[in-house]
Amino acid sequence: MNPLKFAGFLPKLFAQALYRSAYKLHHALFLRPGKPLDHARLIIVGSYLVGGAGKTPFCAWLAQFLNSTHAAGDATTTATTNAAIDTAATDAAGSTPRIAILCHAKAQDEAKMLREKLPFVTVIATSNRYTTAHEIDSEFDYIICDDGFEDTRLTGAVTMLLDWQIPCDGIRDLIPAGPCRSLAKDHDTPTLSLRCTGDGNSSDKDIRFSIEKIVNSCGIDLRDEIANGKQALRRPILVTGLGNGNRFENDLLSAGVAPSEKIFRRDHDSHFEKIILSVLKRGNPVVVSEKDKARLSPETAQNPQIFVAMQKTEVSRNAQTAIGKAILRP
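Each chain has its residues counted from 1, running along the sequence as written. Local features in a predicted model are, by the rule used here, given only for residues with pLDDT of at least 70; side-chain atom pairs are given and counted only at 80 or more, and totals for whole chains, interfaces and linings are based on all residues. Calculated side-chain values reflect all of the structure's heavy atoms, with hydrogen atoms and water omitted.

Examining the overall build of the protein chain
Looking only at helices and strands, the protein chain has twelve helices and eleven strands in total. A contact between two residues is defined here by any heavy atoms of the two lying within 4.5 Å. Put simply, of all contacts in the protein chain between residues at least 6 apart along the chain, 70% involve residues at least 24 apart. Helix and strand definitions follow DSSP, with helices as H or I runs of at least four residues and strands as E runs of at least two, each counted in order from the N terminus.

Some thoughts on the nonpolar core
Phe 58, Leu 62, Ile 144, Met 160, Leu 194, Ile 323 and Ile 327 are the most contacted members of the largest nonpolar core, which totals 57 residues. In terms of residues, this core owes the most to one element, helix 2 (residues 55–71), which gives eight residues. Among all residues touching Ile 323, those that are not within four sequence positions of it are Phe 58, Trp 61, Leu 62, Phe 65, Met 160, Leu 192, Leu 194, Val 315 and Leu 328. What we call a nonpolar core is a set of buried Ala, Val, Leu, Ile, Met, Phe, Trp, Tyr and Cys residues that are connected through their side-chain atoms within 4.5 Å. The buried label applies to any residue whose accessible area, calculated with a 1.4 Å probe on protein chains only, is under 20% of its type's maximum; exposed applies above 50%, and partly exposed to all values in between.

A few points about the pairing of strand 4 (residues 142–146)
The buried fraction of strand 4 is high, at five of five residues. Of the two faces of strand 4, the one lined by Tyr 142, Ile 144 and Asp 146 and the one lined by Ile 143 and Cys 145 are each fully buried. In the sheet, strand 2 (residues 99–104) pairs with strand 4 via four bridges, with the strands oriented parallel. Across the sheet, residue Ile 99 finds its bridge partner in strand 4, namely Tyr 142. Any two strands are treated as partners once DSSP identifies two or more bridges connecting them.

Observations concerning the side chain of Thr 69
For Thr 69, the position within the fold is in helix 2. Taking relative accessible area as the criterion, Thr 69 reaches 0% and is therefore assigned buried. From its side chain, Thr 69 meets the backbone oxygen of Phe 65 in a polar contact 2.6 Å long. Whenever a nitrogen or oxygen atom comes within 3.5 Å of another N or O atom, the pair is scored as a polar contact, on the condition that within protein one atom can donate a hydrogen and the other can accept it, and that pairs from neighbouring residues in sequence are kept only if both atoms are in side chains.

Brief notes about the confidence of the model for the protein chain
Averaged over all residues, the pLDDT of the protein chain is 88; the fraction at 70 or higher stands at 87%. One confidence number per residue, pLDDT, is output by the predictor and ranges from 0 to 100. Contacts from residues 73–93, a stretch scored under 50 in pLDDT, to residues over four places away or in other chains number 42 contacts.

Structural notes on the sheet that holds strand 11 (residues 306–315)
Taken in spatial order, the eleven strands line up as 3-2-4-1-5-6-7-11-10-8-9 in an open sheet, and their pairing is mixed. Unpaired on one side and paired on the other, strand 3 (122–126) and strand 9 (261–264) mark the two borders of the sheet. Along the sheet, successive strands turn relative to each other by an average axial angle of 25°, direction set aside. The axes are straight lines fitted to the C-alpha atoms, using for helices just the contacting stretch, and the angles between their N-to-C directions are given from 0 to 180°. Strands in contact with helix 5 (residues 108–117) are strand 2, strand 3 and strand 4; relative to strand 3, the strand with the most contacts, it is inclined by about 175°. Running at roughly 65° to strand 7 (residues 207–215), helix 8 (residues 245–254) makes contact with strand 7, strand 8 (237–240), strand 9, strand 10 (286–289) and strand 11 of the sheet.

Considering the side chain of Asp 137
Relative to the assigned elements, Asp 137 resides in the loop between helix 6 (129–135) and strand 4. According to the relative accessible area criterion, Asp 137 is buried, its value standing at 6%. A polar side-chain atom of Asp 137 sits 2.7 Å from the main-chain amide nitrogen of Asp 38. Separated by 2.7 Å, the side chain of Asp 137 and the backbone nitrogen of Ala 40 make a polar contact. Once residues within four sequence positions are removed from consideration, Asp 137 is found in contact with Leu 37, Asp 38, His 39, Ala 40 and Ile 143.

Observations concerning the pattern of salt bridges
Here a salt bridge means any side-chain nitrogen of Lys or Arg lying within 4 Å of a carboxyl oxygen belonging to Asp or Glu. If you walk through the whole model with that rule in mind, you get 21 salt bridges. The shortest N-O distance in the salt bridge between Asp 269 and Arg 265 comes to 2.7 Å. Salt bridges sharing common partners tie together Asp 109, Glu 110, Asp 267, Lys 291, Asp 292 and Arg 295.

Topic: the layout of surface pockets
Cavities and pockets are defined on a 1 Å grid built over the protein atoms alone: a cavity is a set of grid points where a 1.4 Å probe fits but cannot escape, while a pocket is an open set with protein on both sides within 12 Å along at least five of seven lines, and lining residues are those with an atom within 4 Å of any such point. Grid points are joined across faces, edges and corners, and a volume is the space filled by probe spheres set on the points. When its volume is computed, the second largest pocket comes out at roughly 440 Å³. Along its surface, the second largest pocket is lined by 20 residues, and Phe 149, Thr 152, Leu 154, His 187 and Asp 188 are the ones closest to its centre. Residues are sorted three ways: Asp, Glu, Lys and Arg are charged, Ala, Val, Leu, Ile, Met, Phe, Trp, Tyr, Cys and Pro are nonpolar, and all the rest, Gly among them, are polar. Taken together, the residues of the lining of the second largest pocket sort by class into eight nonpolar, eight polar and four charged.

What about unusual backbone geometry?
In the segment running from Ile 175 into Pro 176, the intervening peptide bond is cis, with an omega of 10°. Mapped onto the fold, Pro 176 is located in the loop between strand 5 (158–163) and strand 6 (192–197). Here the phi dihedral of Asp 147 falls at roughly 65°; this positive angle occurs in a residue that is not glycine. Considering the arrangement of structural elements, one finds Asp 147 in the loop between strand 4 and strand 5.

As for the pairing of strand 8
A regular strand places its side chains on the two faces of the sheet in alternate fashion. Side chains Ile 237 and Val 239 project from strand 8 onto one buried face, and the interleaved Leu 238 and Thr 240 project onto a second face that is buried too. Bridge count for strand 8 against strand 9 is four bridges, and the pairing is parallel. Note on strand 9: the bridge partner recorded for Val 239 is Ile 263. When the strands point away from the viewer and the connection leading from the first strand across the helix to the second strand turns clockwise, the crossover is called right-handed. Taken together, strand 8, helix 8 and strand 9 form a β-α-β motif whose crossover is right-handed. Where strand 8 lies against strand 10, two bridges are found, and the strand directions are parallel. By the bridge assignment for strand 10, Leu 238 is matched with Val 287.

Right under this line is the structure:
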């Protein structure tokens, strides 16, 4: 190895090793396996990646899946909505499930977005998923933990790994230089490992995330504006505070929108609205994600120059069948 490259590599490796030691110590002292729930089916949706794996959109899909399956009353609605799930869905049909989703207390934007999308779900932002899950256990049939992989106190759960085929095998894969916050060997084998993609070639994947529409408060789709030449002089600016801004940009490009500029903020950025108001003064349309919109005040969100990219979550028929068998309660 080139001596200069080696010298630059050492600080990163040291930081990764330090992070790894702190991670292991924290789990050993504070996150020892706890008691399973007595009543509710606990479902943990997670990823080994730092962020941007699609956990929150998938949790929303999962809640809709559970609600439509149970509330259908027969297998017909299930077959139409979810491409048929088999006898597990039929056994569960006919009742209205009580569903809760637990988010981290720092993810208030995710909690707000989920509440707006899922009025039939109780969404709780908590700093302690383990304690909260036990406190509400008797009140719900299903408790979904959005990003609960790292809380190893949660036991007896159905675990779903969102797998983007990115290696998380060794220290060099860890933050701050790598994309992973934990390694595969830190966790038990997940109940389901669901292969994810954001591109058009999803034939061999379980979940595909894409952008369905990019609309403002008036219901106007930015792509229609661009096609009609109305935005020819002022190309849109991408402003986002997601775990993986690059993936969001790629999704936009796949949807036919090429931003003139991109501004990436940190995840759950509390100053996001100030940035948006500043960018709006330029006169360009601004593209944000659904989670980004949740950080905006109602007045700012109504600005017709703000276009929200609405994400679509598609789950393959085989994956739906596996999910149904793993989580549905008769």
